[in-house]
Amino acid sequence: MKKQLIGVAALGLLLAACSDEQTAEPEFQEPAQEVKPEEPEEVEEVEEVGGEEDVVEPVAAEPLYKLNEANWTLVPIEQAEEKVVLLTIDDAPDTYSLEMAETLAQLEVPAIFFVNGHFLDTDEEKEKLKKIHELGFAIGNHTQTHPNLKNSSEEQQQQEILALNDTIEDVLGEKPQFFRAPFGVNTDFSRELVKQEGMLLMNWTYGYDWEKDYMEASALADIMVNTPYLTNGANLLMHDREWTAGALEQIVTGLQEKGYGFVDPDEIQGVE
(Lines give C-alpha, C1' and ligand atoms only; values in the text may rest on other atoms or scores of the structure.)
Protein backbone atom coordinates (compact mmCIF):
# COMPACT_ATOMS: atom_id res chain seq x y z
CA MET A 1 0.00 0.00 0.00
CA LYS A 2 0.87 2.24 -0.86
CA LYS A 3 5.56 23.41 6.31
CA GLN A 4 4.71 25.78 8.61
CA LEU A 5 5.73 25.38 12.24
CA ILE A 6 3.18 24.39 14.84
CA GLY A 7 1.83 27.46 16.59
CA VAL A 8 1.54 27.70 20.32
CA ALA A 9 -1.96 26.30 20.13
CA ALA A 10 -0.75 23.29 18.12
CA LEU A 11 1.98 22.58 20.65
CA GLY A 12 -0.69 22.47 23.28
CA LEU A 13 -2.54 19.88 21.25
CA LEU A 14 0.63 17.80 20.94
CA LEU A 15 1.25 17.67 24.67
CA ALA A 16 -2.37 16.95 25.53
CA ALA A 17 -2.76 13.95 23.25
CA CYS A 18 -3.03 10.23 23.91
CA SER A 19 -5.66 10.00 26.61
CA ASP A 20 -4.48 8.24 29.72
CA GLU A 21 -7.98 6.97 30.33
CA GLN A 22 -6.88 3.71 28.63
CA THR A 23 -6.04 0.95 31.02
CA ALA A 24 -4.17 1.31 29.10
CA GLU A 25 16.45 -2.92 3.45
CA PRO A 26 17.57 -5.82 2.72
CA GLU A 27 20.90 -4.96 0.97
CA PHE A 28 21.05 -5.66 -2.75
CA GLN A 29 23.22 -8.63 -3.53
CA GLU A 30 24.56 -9.24 -7.02
CA PRO A 31 23.46 -12.68 -8.14
CA ALA A 32 26.26 -15.22 -8.00
CA GLN A 33 27.95 -15.65 -11.37
CA GLU A 34 26.97 -18.93 -12.93
CA VAL A 35 29.93 -21.28 -13.46
CA LYS A 36 29.40 -23.97 -16.08
CA PRO A 37 31.17 -27.31 -15.71
CA GLU A 38 33.70 -28.24 -18.35
CA GLU A 39 32.20 -30.37 -21.08
CA PRO A 40 33.70 -33.76 -21.82
CA GLU A 41 35.57 -34.19 -25.09
CA GLU A 42 32.79 -36.40 -26.39
CA VAL A 43 29.81 -34.19 -25.94
CA GLU A 44 26.65 -35.87 -24.96
CA GLU A 45 23.45 -33.97 -24.35
CA VAL A 46 22.66 -34.19 -20.70
CA GLU A 47 19.50 -32.82 -19.21
CA GLU A 48 20.12 -30.77 -16.09
CA VAL A 49 17.91 -31.83 -13.27
CA GLY A 50 17.22 -29.96 -10.08
CA GLY A 51 19.64 -27.05 -10.69
CA GLU A 52 19.27 -24.09 -8.34
CA GLU A 53 18.53 -20.69 -9.84
CA ASP A 54 20.39 -17.62 -8.66
CA VAL A 55 18.37 -15.65 -6.17
CA VAL A 56 18.32 -11.87 -6.18
CA GLU A 57 17.30 -10.27 -2.95
CA PRO A 58 14.65 -7.53 -3.27
CA VAL A 59 15.90 -3.97 -3.18
CA ALA A 60 14.06 -1.53 -0.96
CA ALA A 61 12.68 1.52 -2.71
CA GLU A 62 14.39 4.84 -2.16
CA PRO A 63 12.59 6.94 0.47
CA LEU A 64 10.36 9.72 -0.82
CA TYR A 65 9.81 11.64 2.43
CA LYS A 66 11.76 12.64 5.52
CA LEU A 67 10.45 13.69 8.90
CA ASN A 68 10.61 17.36 9.92
CA GLU A 69 10.88 17.41 13.70
CA ALA A 70 9.89 21.08 13.86
CA ASN A 71 6.24 20.18 13.31
CA TRP A 72 6.46 16.43 12.60
CA THR A 73 5.37 16.84 8.99
CA LEU A 74 6.64 14.68 6.12
CA VAL A 75 8.85 16.65 3.73
CA PRO A 76 9.26 15.45 0.14
CA ILE A 77 12.69 14.33 -0.97
CA GLU A 78 13.42 15.72 -4.43
CA GLN A 79 10.31 15.46 -6.62
CA ALA A 80 7.88 13.57 -4.37
CA GLU A 81 4.32 14.85 -4.15
CA GLU A 82 3.99 17.69 -1.62
CA LYS A 83 0.25 17.66 -0.99
CA VAL A 84 0.06 14.59 1.21
CA VAL A 85 -0.70 13.63 4.79
CA LEU A 86 0.27 10.69 6.99
CA LEU A 87 -2.41 8.83 8.92
CA THR A 88 -1.50 7.34 12.28
CA ILE A 89 -3.63 5.48 14.83
CA ASP A 90 -2.58 5.00 18.45
CA ASP A 91 -3.62 2.51 21.14
CA ALA A 92 -3.89 -0.47 18.80
CA PRO A 93 -5.12 -3.13 18.71
CA ASP A 94 -7.65 -2.38 21.43
CA THR A 95 -11.26 -2.44 20.28
CA TYR A 96 -11.70 -0.67 16.93
CA SER A 97 -8.23 -0.91 15.31
CA LEU A 98 -9.02 -3.92 13.12
CA GLU A 99 -12.24 -2.30 11.93
CA MET A 100 -10.30 0.88 11.15
CA ALA A 101 -7.66 -1.11 9.27
CA GLU A 102 -10.36 -2.81 7.20
CA THR A 103 -11.91 0.57 6.37
CA LEU A 104 -8.56 1.98 5.27
CA ALA A 105 -7.78 -1.16 3.26
CA GLN A 106 -11.08 -0.82 1.38
CA LEU A 107 -10.21 2.82 0.68
CA GLU A 108 -6.65 1.81 -0.33
CA VAL A 109 -5.11 4.27 2.10
CA PRO A 110 -1.97 3.47 4.17
CA ALA A 111 -1.37 4.24 7.84
CA ILE A 112 0.77 3.42 10.86
CA PHE A 113 -0.86 1.63 13.78
CA PHE A 114 0.98 2.36 17.02
CA VAL A 115 0.64 -0.52 19.48
CA ASN A 116 0.46 -0.73 23.26
CA GLY A 117 1.70 -3.93 24.86
CA HIS A 118 -1.19 -4.15 27.30
CA PHE A 119 -3.44 -4.75 24.28
CA LEU A 120 -1.40 -7.84 23.33
CA ASP A 121 -2.00 -9.95 26.39
CA THR A 122 -4.17 -12.61 24.74
CA ASP A 123 -4.01 -14.77 21.62
CA GLU A 124 -7.11 -13.00 20.35
CA GLU A 125 -5.44 -9.59 20.65
CA LYS A 126 -2.29 -10.87 18.97
CA GLU A 127 -4.42 -12.24 16.15
CA LYS A 128 -5.93 -8.77 15.66
CA LEU A 129 -2.44 -7.33 15.30
CA LYS A 130 -1.53 -10.02 12.76
CA LYS A 131 -4.60 -9.21 10.69
CA ILE A 132 -3.86 -5.47 10.73
CA HIS A 133 -0.31 -6.19 9.57
CA GLU A 134 -1.50 -8.67 6.93
CA LEU A 135 -3.76 -5.96 5.53
CA GLY A 136 -0.55 -4.07 4.73
CA PHE A 137 -0.27 -1.59 7.57
CA ALA A 138 2.93 -0.50 9.29
CA ILE A 139 3.17 -1.22 13.01
CA GLY A 140 4.73 1.17 15.51
CA ASN A 141 5.78 0.97 19.16
CA HIS A 142 3.67 3.04 21.60
CA THR A 143 5.17 1.47 24.78
CA GLN A 144 4.05 -1.42 26.90
CA THR A 145 1.70 0.31 29.36
CA HIS A 146 1.34 3.88 28.04
CA PRO A 147 3.27 5.75 30.77
CA ASN A 148 4.60 9.29 30.75
CA LEU A 149 8.26 8.51 30.09
CA LYS A 150 9.33 11.72 31.82
CA ASN A 151 8.06 10.21 35.06
CA SER A 152 9.74 6.84 34.48
CA SER A 153 13.23 5.71 35.41
CA GLU A 154 15.68 4.79 32.65
CA GLU A 155 15.20 1.12 33.57
CA GLN A 156 11.44 1.49 33.28
CA GLN A 157 11.71 3.32 29.96
CA GLN A 158 13.92 0.55 28.58
CA GLN A 159 11.45 -2.10 29.70
CA GLU A 160 8.49 -0.19 28.25
CA ILE A 161 10.12 0.06 24.82
CA LEU A 162 12.14 -3.14 24.46
CA ALA A 163 9.55 -5.53 25.91
CA LEU A 164 7.02 -4.36 23.35
CA ASN A 165 9.55 -4.62 20.52
CA ASP A 166 10.12 -8.24 21.54
CA THR A 167 6.39 -8.99 21.65
CA ILE A 168 5.76 -7.43 18.24
CA GLU A 169 8.66 -9.40 16.77
CA ASP A 170 7.29 -12.61 18.29
CA VAL A 171 3.85 -11.95 16.79
CA LEU A 172 4.81 -10.53 13.38
CA GLY A 173 8.34 -11.82 12.80
CA GLU A 174 9.74 -8.30 12.60
CA LYS A 175 10.39 -5.37 14.89
CA PRO A 176 8.55 -2.07 14.51
CA GLN A 177 10.15 0.72 12.47
CA PHE A 178 8.44 3.62 14.23
CA PHE A 179 8.10 4.83 17.82
CA ARG A 180 5.69 7.28 19.39
CA ALA A 181 5.82 8.12 23.07
CA PRO A 182 2.60 8.43 25.07
CA PHE A 183 1.52 12.04 25.38
CA GLY A 184 4.30 12.97 22.93
CA VAL A 185 6.72 13.11 25.86
CA ASN A 186 10.25 11.82 25.26
CA THR A 187 13.43 11.90 27.30
CA ASP A 188 17.08 11.99 26.24
CA PHE A 189 17.29 8.34 27.25
CA SER A 190 14.21 7.24 25.26
CA ARG A 191 15.38 9.16 22.19
CA GLU A 192 18.77 7.44 22.25
CA LEU A 193 17.29 4.00 22.94
CA VAL A 194 14.79 4.34 20.10
CA LYS A 195 17.61 5.38 17.75
CA GLN A 196 19.72 2.40 18.83
CA GLU A 197 16.76 0.15 18.09
CA GLY A 198 16.58 1.56 14.55
CA MET A 199 13.15 3.09 15.02
CA LEU A 200 12.13 6.49 13.72
CA LEU A 201 10.86 8.63 16.58
CA MET A 202 7.61 10.34 15.65
CA ASN A 203 5.06 12.66 17.23
CA TRP A 204 2.25 14.41 15.37
CA THR A 205 1.10 17.65 13.76
CA TYR A 206 -2.46 17.60 15.06
CA GLY A 207 -5.24 15.45 16.43
CA TYR A 208 -8.54 15.97 18.22
CA ASP A 209 -10.31 12.74 19.09
CA TRP A 210 -9.50 12.89 22.81
CA GLU A 211 -11.23 16.27 23.21
CA LYS A 212 -14.78 16.28 24.51
CA ASP A 213 -16.14 18.43 21.65
CA TYR A 214 -14.93 15.89 19.07
CA MET A 215 -16.02 12.61 20.63
CA GLU A 216 -18.62 12.26 17.88
CA ALA A 217 -17.97 11.08 14.32
CA SER A 218 -19.28 14.02 12.26
CA ALA A 219 -17.68 16.67 14.50
CA LEU A 220 -14.36 14.82 14.44
CA ALA A 221 -14.44 14.34 10.66
CA ASP A 222 -15.14 18.04 10.19
CA ILE A 223 -12.27 19.31 12.39
CA MET A 224 -9.74 16.78 11.05
CA VAL A 225 -10.39 17.99 7.48
CA ASN A 226 -11.00 21.69 8.15
CA THR A 227 -8.55 22.48 10.94
CA PRO A 228 -6.16 25.40 10.31
CA TYR A 229 -3.29 23.04 11.11
CA LEU A 230 -3.86 20.95 7.98
CA THR A 231 -0.79 21.51 5.83
CA ASN A 232 1.32 19.65 3.32
CA GLY A 233 2.86 16.59 4.95
CA ALA A 234 0.73 16.86 8.09
CA ASN A 235 1.05 13.96 10.51
CA LEU A 236 -2.49 13.17 11.66
CA LEU A 237 -3.01 11.58 15.05
CA MET A 238 -6.04 9.41 15.74
CA HIS A 239 -6.83 6.75 18.32
CA ASP A 240 -8.64 3.44 18.67
CA ARG A 241 -11.98 5.02 19.58
CA GLU A 242 -15.55 4.32 18.50
CA TRP A 243 -16.15 7.85 17.19
CA THR A 244 -12.82 7.85 15.33
CA ALA A 245 -13.66 4.55 13.65
CA GLY A 246 -17.01 6.07 12.68
CA ALA A 247 -15.37 9.21 11.27
CA LEU A 248 -12.49 7.54 9.44
CA GLU A 249 -14.02 7.19 5.98
CA GLN A 250 -15.32 10.78 6.11
CA ILE A 251 -11.85 12.00 7.11
CA VAL A 252 -10.22 10.17 4.21
CA THR A 253 -12.73 11.29 1.60
CA GLY A 254 -12.71 14.85 2.94
CA LEU A 255 -8.94 15.04 2.62
CA GLN A 256 -9.11 13.55 -0.86
CA GLU A 257 -11.68 16.16 -1.88
CA LYS A 258 -9.16 18.80 -0.80
CA GLY A 259 -6.57 17.23 -3.08
CA TYR A 260 -4.48 15.40 -0.48
CA GLY A 261 -2.81 12.07 -1.04
CA PHE A 262 -1.50 9.74 1.66
CA VAL A 263 2.08 8.88 2.57
CA ASP A 264 2.95 5.21 2.60
CA PRO A 265 5.09 4.56 5.71
CA ASP A 266 7.43 2.50 3.52
CA GLU A 267 8.27 5.75 1.71
CA ILE A 268 9.56 7.47 4.86
CA GLN A 269 13.29 7.82 5.40
CA GLY A 270 14.36 5.89 8.47
CA VAL A 271 17.05 6.43 11.07
CA GLU A 272 20.37 7.54 9.59
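Note: the structure precedes this text.
Residues numbered from 1 in each chain as written. Predicted model: local features only at pLDDT ≥ 70, side-chain atom pairs only at ≥ 80, totals over all residues. Heavy atoms only, no water.

1. Some points on the overall build of the protein chain
And then number 1: What the protein chain contains, in helices and strands, is seven helices and ten strands.
And then number 2: Carbon and sulfur atoms provide 43% of the accessible area of the protein chain, an area that totals close to 14900 Å². (Helix = DSSP H or I, 4+ residues; strand = E, 2+ residues; numbered from the N terminus. Areas by Shrake-Rupley, 256 points an atom, 1.4 Å probe, with all protein chains shown as cover.)

2. Quick notes on helix H6 (residues 217-226)
And then number 1: Residues of H6 that are buried include every one of Ala217, Leu220, Ala221, Ile223, Met224 and Val225, and no others.
And then number 2: On the buried face of H6, the contacting elements are strand E8 (206-207), strand E9 (234-239) and helix H7 (242-257). (Buried < 20%, exposed > 50% of the residue type's maximum accessible area, 1.4 Å probe, protein only. Contact = heavy atoms within 4.5 Å.)

3. Regarding helix H4 (residues 154-172)
And then number 1: Compared with the 27 Å implied by 1.5 Å per residue over 19 residues, the 27 Å span of H4 between its first and last C-alpha is a close match.
And then number 2: The set of residues buried in H4 consists of Gln157, Glu160, Ile161, Ala163, Leu164, Asn165, Ile168, Val171 and Leu172.
And then number 3: Packed against the buried residues of H4 are strand E4 (112-115), helix H3 (123-134), strand E5 (138-141), strand E6 (178-179) and helix H5 (188-196).
And then number 4: Following H4 by one or two positions, glycine 173 has its phi on the positive side, about 85°. (Expected span 1.5 Å × (residues − 1).)

4. Quick word on the side chain of threonine 103
And then number 1: Inspection of the secondary structure puts threonine 103 in helix H2 (residues 97-107).
And then number 2: The exposure class of threonine 103 is buried, given its relative accessible area of 16%.
And then number 3: If we ignore the near neighbours within four places in the chain, the residues touching threonine 103 are Leu248 and Glu249.

5. Describing the nonpolar core
And then number 1: Grouped together as the largest cluster of nonpolar side chains are 42 residues, with contacts concentrated most on Val85, Leu87, Leu104, Phe113, Met224 and Leu255.
And then number 2: Broken down by secondary-structure element, the contributors of at least two residues to this core are strand E3 (84-92), H2, E4, H3, H4, H6, E9 and H7.
And then number 3: Those residues in contact with leucine 255 that lie beyond four places of it in its chain are Val85, Leu87, Met224, Val225, Leu230, Leu236, Tyr260 and Phe262.
And then number 4: Counting residues in each nonpolar core, the second largest holds 23 residues, with Leu67, Phe114, Val194 and Met199 among its members. (Core = buried A, V, L, I, M, F, W, Y, C linked by side-chain atoms within 4.5 Å.)

6. Describing unusual backbone geometry
The phi angle of most residues is negative, glycine excepted, and most peptide bonds adopt the trans form.
And then number 1: Here alanine 92 and proline 93 are connected by a cis peptide whose omega angle stands at -10°.
And then number 2: Within the secondary structure layout, proline 93 lies in the loop between E3 and H2.
And then number 3: Of note, the phi angle at glutamate 108 is positive, near 60°, even though the residue is not glycine.
And then number 4: Its identity as a non-glycine residue notwithstanding, threonine 143 has a phi of 80°, on the positive side.
And then number 5: When you line up the elements, threonine 143 lands in the loop between E5 and H4.
And then number 6: Of the residues examined, threonine 143 reaches a relative accessible area of 0% and is grouped as buried.

7. Points about the packing of aromatic side chains
And then number 1: Counted by the stated rule, this structure contains three aromatic pairs.
And then number 2: Considering the side-chain rings of phenylalanine 113 and phenylalanine 137, the 5.3 Å spacing of their centres and the 70° angle between planes classify their relative orientation as edge-to-face. In this pair, phenylalanine 113 is assigned in strand E4 and phenylalanine 137 in the loop between H3 and E5, connecting sequence segments 24 residues apart. Each member of the pair phenylalanine 113 and phenylalanine 137 is classed as buried.
And then number 3: Considering the side-chain rings of tyrosine 208 and tyrosine 214, the 5.3 Å spacing of their centres and the 70° angle between planes classify their relative orientation as edge-to-face. Both residues of the pair, tyrosine 208 and tyrosine 214, count as buried.
And then number 4: Grouping aromatic residues by their ring pairs yields a cluster made of Tyr206, Tyr208 and Tyr214.
And then number 5: If you follow lysine 83 out to its NZ or CZ, it ends over the ring of tyrosine 260, 5.0 Å from the centre. (Phe/Tyr/Trp six-rings, centres within 6.5 Å; stacked < 30°, edge-to-face > 60°. Lys NZ or Arg CZ within 6 Å of the ring centre and 35° of its normal.)

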